[in-house]
Every structure is written in structure tokens, then in C-alpha cells.
Amino acid sequence: MMFPAILLPAGLIVVGILLILTRRQFPRLIREGLTKFFGPAVAEEATDPRTTPISMVVVGICSIAFGAFNLVELLVRVSQGGA
């Protein structure tokens, strides 16, 4: 039953890579949505254009690291015969 268990680590790694690759576009989409629903003041307070791309990279790296950790743990568990 390895296939469903591999979805979480693989998904985390993919999300991390996407966050790093779209670190400029994703915050713009969030900012546009916040402006549309809550107004420009809330959008300005919630998303700082100077630090948001850096935050996306940090979250992406953490997501990749956590996904890799889970993948290695799964492979060790399967290699020991206890899936």
C-alpha cells in the first residue's frame, strides 16, 4: 500500500517547487484577491511586496524538505518490510 502513502511527500515536494518558481506571481494573485474582497488597506497590510517573495521561497524550501523527509521515511519503512 505504498502508492497512497507516497502522495503526501510527492505533493509537498511539488508544492514547494511551485512556490519557489511562482514566488513573484503568487503574491500578486493573493494581493488582487484581498483587494477585491477586503479593500486596498487590508491588501497593503497583509502582503508586503519586499518580503512576500522571500517568504514564498522559505515556505517552498520547508515544504520540499518536509516532503523529502517523509519520502525517505516511507522508503526506509518499505525497505524494512513494514508498509
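Everything numeric here is computed off the predicted structure, so don't read it as measured data.

(A) Representation of a nonpolar patch on the surface within the structure. A contiguous nonpolar patch, built from Phe26, Leu29 and Ile30 and spanning about 260 Å² of accessible area, is present on the exposed surface. Inspection of the secondary structure puts Ile30 in helix α2 (residues 25-38). Overall, Ile30 belongs to the partly exposed group, its relative accessible area being 32%.

(B) Summary view of α2. In this model, α2 (14 residues) spans 20 Å end to end at C-alpha, consistent with the 20 Å of a helix rising 1.5 Å per residue. Looking one or two residues past α2, Gly39 carries a phi angle of roughly 100 degrees, positive in sign.

(C) Local environment of helix α4 (residues 52-79). In this model α4 runs 40 Å from its N-terminal to its C-terminal C-alpha over 28 residues, within 8% of the 40 Å that 1.5 Å per residue would give. Of all the positions in α4, only Thr52, Pro53, Met56, Gly60, Ser63, Gly67, Asn70 and Leu74 are classed as buried.

(D) Region of the structure containing the environment of Val57. Within the secondary structure, Val57 is located in helix α4. The class for Val57 is partly exposed, based on a relative accessible area of 24%. Expressed as a C-alpha distance, the spacing of Val57 and Ile20, which sit 37 residues apart in the sequence, is 5.0 Å. When residues no more than four places from it in sequence are discounted, the contact partners of Val57 are Ile20 and Arg23.

(E) Inspection of the pattern of salt bridges at higher detail. The full count for this structure, using the stated rule, is 2 salt bridges. Between Arg31 and Glu44 there is a salt bridge; the shortest N-O distance is 2.4 Å. Of the two residues, Arg31 sits in helix α2 while Glu44 sits in helix α3 (residues 40-46), which places them 13 residues apart along the sequence. Judged by its relative accessible area of 24%, Arg31 is partly exposed. Glu73 is paired through a salt bridge with Arg77; the nearest N and O atoms lie 3.3 Å apart. Separated by 4 residues within a single helix, Glu73 and Arg77 lie in helix α4, roughly one turn from each other. On the basis of relative accessibility, which here comes to 34%, the residue Arg77 falls in the partly exposed class.

Conventions adopted
- Residues numbered from 1 in each chain as written.
- Predicted model: local features only at pLDDT ≥ 70, side-chain atom pairs only at ≥ 80, totals over all residues.
- Heavy atoms only, no water.
- Patch = residues over 30% accessible without salt bridge, like charges linked within 9 Å, V, L, I, M, F, W, Y side chains within 5 Å.
- Areas by Shrake-Rupley, 256 points an atom, 1.4 Å probe, with all protein chains shown as cover.
- Salt bridge = Lys/Arg side-chain N within 4 Å of Asp/Glu carboxyl O.
- Helix = DSSP H or I, 4+ residues; strand = E, 2+ residues; numbered from the N terminus.
- Buried < 20%, exposed > 50% of the residue type's maximum accessible area, 1.4 Å probe, protein only.
- Expected span 1.5 Å × (residues − 1).
- Contact = heavy atoms within 4.5 Å.

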